[in-house]
Every structure is written in C-alpha cells, then in structure tokens.
Amino acid sequence: MKICFATNNRNKLEEIQQILGDSFEILSLKDIGCFDDIAEPHESLEENSAEKAEYIYTRYQIPVFADDTGLEIVALDGAPGVYSARYGGPERSAERNMTKVLAELEGAADRSAQFRTIMTYIDESGTFQFEGIVKGRIISERRGEGGFGYDPIFIPDGYDQTFGELPTSEKNQISHRVRSLSKLVEFLKSRHN
Ligand code: IMP
C-alpha cells in the first residue's frame, strides 16, 4: 500500500520507513510531485497537521499523513508549542530557538516539558488523528551532537542523556513522533487484516 508522508525531511522519512517495514511504501512530497511550501497558519498542532494532510489529499487523492510537533514547557505556559520551529525568529534556527528557551527558563524551578506530536491521517474513509507525547525536562546547557531541533537541551524522563546524546535508535524507541506513528500503524494494520 502506498501512503504519502507530507514531508521532505529525510530523517523523518527514514525513521518512519524503519517502523513501517515493507507492508507500506512511503512516498515523500517530492515523490508525489508536490513542491509547494504548505502553510502552517494555525494556533494548534491539531489544526496545522490536519491542514497539511488535507492539502495533499485534496490535490493528489492519495492516502496521506502529516505531522506537527511542538515542545511544550510547563513554566512557559506551554510555549514554544506550535511556534517551536520559529521561536527564536523567522529563520528557524535551532541554535536561536534553544538560546531563547534557555534564557526564558533562567532561574525557573520547574523545568519540566514535553514534546507532543499530532499525526493526521486521511484516506477515503475519513480523517484520523493520533497523539504522541514524551515527557522530560529542559537542562541549562546544550549536550550532544545528535538529533535536531531542541534535542541537545531535552532529557526524557527515566534517562540521564539528552536526545542529542542518545543514539538515534534509542530516541526512536521513545520519541513523541514514533509514539504517534505507532498508533497510526496499529490503526492501519488493523484495517488491512
Ligand atoms: P515539526 O512539526 O516536526 O516540523 O517540528 C516543529 C519544530 O519542533 C522543529 O522545527 C523543532 O524545532 C521541534 N522538534 C520537532 N521534533 C523534534 C525532535 O524530535 N527533537 C527536537 N526538536 C524537535
């Protein structure tokens, strides 16, 4: 079965193909001939993720899923949340984003946070959303060269290493994106049995 994952991010595509195995063939935006910059104009992960999936389904009529993720920090009332990619400015720099978060958390007693992903899947039978959360905390300095985004400042609960220090294979076992995706995979597999 062919499904489009509405992204061109190679890390995400590899991560997802690994989880899905051979039963599903994942096509990127490029693979289906979509070169548009799909907007993320809303104030919630649910709406942005749905908008991306709808954009593709309407134009290409192929089963599609799209994700939207945010880092939600308790002491910042859930920020950066849906604005995680551009928190430090429109250039979407991971360095600037982390610098801003660290500055805003200076002196904060509660450094707990979570990554939350909403995966929206659409096919001819409807629209379905799946949530994945990984809880943890923000440390006060960067550690590790791996991963991307806020990984060097986030330690998941039950670990001593940041997502930037953990091997990708280990991050992939517990990450927000993988958790939402696993729910989607269960759903797809149950329908194709
Ligand atoms: P997206 O919705 O997957 O594009 O994620 C939005 C933003 O959240 C990214 O630009 C990153 O700043 C951050 N983010 C998403 N997933 C991760 C992750 O696995 N580790 C660290 N940061 C992430």
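To start, this report covers the structure provided alongside it.

Reading the values: rules and limits
- Residues numbered from 1 in each chain as written.
- Predicted model: local features only at pLDDT ≥ 70, side-chain atom pairs only at ≥ 80, totals over all residues.
- Heavy atoms only, no water.
- Near = heavy atom within 4 Å.
- Polar contact = N/O pair within 3.5 Å; in protein donor to acceptor, adjacent residues only side chain to side chain.
- Areas by Shrake-Rupley, 256 points an atom, 1.4 Å probe, with all protein chains shown as cover.
- Helix = DSSP H or I, 4+ residues; strand = E, 2+ residues; numbered from the N terminus.
- Buried < 20%, exposed > 50% of the residue type's maximum accessible area, 1.4 Å probe, protein only.
- Contact = heavy atoms within 4.5 Å.
- Expected span 1.5 Å × (residues − 1).
- Pairing = 2+ DSSP bridges.
- Axes fitted to C-alpha atoms, helices over the stretch in contact; angles between N-to-C directions.
- Parallel < 35°, antiparallel > 145°, perpendicular 65-115°, else oblique.
- Left-handed = near helix turned anticlockwise from the far one by under 90°.
- Nonpolar A, V, L, I, M, F, W, Y, C, P; charged D, E, K, R; others polar.
- Phe/Tyr/Trp six-rings, centres within 6.5 Å; stacked < 30°, edge-to-face > 60°.
- Lys NZ or Arg CZ within 6 Å of the ring centre and 35° of its normal.

## Observations concerning the site of the ligand
Residues in close proximity to the ligand total 14 residues, the closest being K12, D68, T69, D151 and K171. Note that an oxygen atom of the ligand is positioned 2.9 Å from one of the backbone N or O atoms of T69. Bound to the protein, the ligand loses 87% of the 470 Å² it would expose on its own. For the shell around the ligand, the elements supplying multiple residues, two or more each, are β3 (64-73) and α5 (176-191). In terms of residues, the shell around the ligand owes the most to one element, β3, which gives 3 residues.

## Side note on the side chain of N97
Looking at the element boundaries, N97 is found in helix α3 (residues 94-104). Owing to a relative accessible area of 4%, N97 belongs among the buried residues under this scheme. A polar side-chain atom of N97 sits 2.6 Å from the main-chain amide nitrogen of G88. Look past the residues within four positions of N97 in its chain and what remains in contact with it is S84, A85, R86, Y87, G88, G89, R92 and Y150.

## Overview of α5
In a regular helix each residue adds 1.5 Å, so 16 residues correspond to 22 Å; α5 covers 23 Å between its end C-alpha atoms and thus fits that length. Among all positions in α5, only H176, R177, V178, S180, L181, L184, V185, F187 and L188 are buried. Of the surrounding elements, those touching the buried residues of α5 are β1 (2-5), α1 (10-20), β3, β5 (112-123), β6 (126-138) and α4 (168-174).

## Description of the pairing of β3
With 9 of 10 residues buried, β3 is to be regarded as a mostly interior element. Sheet topology places β1 next to β3; 2 bridges connect them, and they run parallel. Bridging across to β3, C4 finds its partner in V64. As paired elements, β3 and β5 share 10 bridges and run antiparallel to each other. Within β5, the residue paired with V64 across the bridge is I122. Two strands pair when backbone bridges link them, and β3 and strand β4 (residues 80-81) are joined in this way by 2 bridges, in the antiparallel orientation. Bridge assignment links E72 to a residue of β4, and that residue is P80. Between β3 and β4, which follow one another and run antiparallel, lie 6 residues, and D77 among them has a positive phi close to 55 degrees.

## Considering the packing of α1 against α5
For the pair α1 and α5, the least separation of the axes is 11 Å and the interaxial angle reads 40 degrees. With respect to α5, the element α1 is oriented oblique. For the pair α1 and α5, the crossing hand works out as right-handed. Between α1, through K12, E15, I16, I19 and L20, and α5, the contact on the second element is made entirely by R177, V178, L181 and V185. When grouped by side-chain class, the residues that make up the contact of α1 with α5 number 6 nonpolar, no polar and 3 charged.

## Re the packing of aromatic side chains
In the structure shown here, the tally under the stated rule is 7 aromatic pairs. Considering the side-chain rings of F5 and F65, the 4.6 Å spacing of their centres and the 20 degrees angle between planes classify their relative orientation as stacked. One end of the pair, F5, is in strand β1; the other, F65, is in strand β3, with 60 residues separating them in the sequence. Taken as a pair, F5 and F65 share a single burial class, namely buried. In this structure an aromatic cluster arises from ring pairing among Y121, F128, F130 and F187. Over the aromatic face of Y55 sits the side chain of R59, whose NZ or CZ is 3.5 Å from the ring centroid. Here the basic side chain of K171 rests over the ring of F163, its NZ or CZ set 5.3 Å away from the ring centre.

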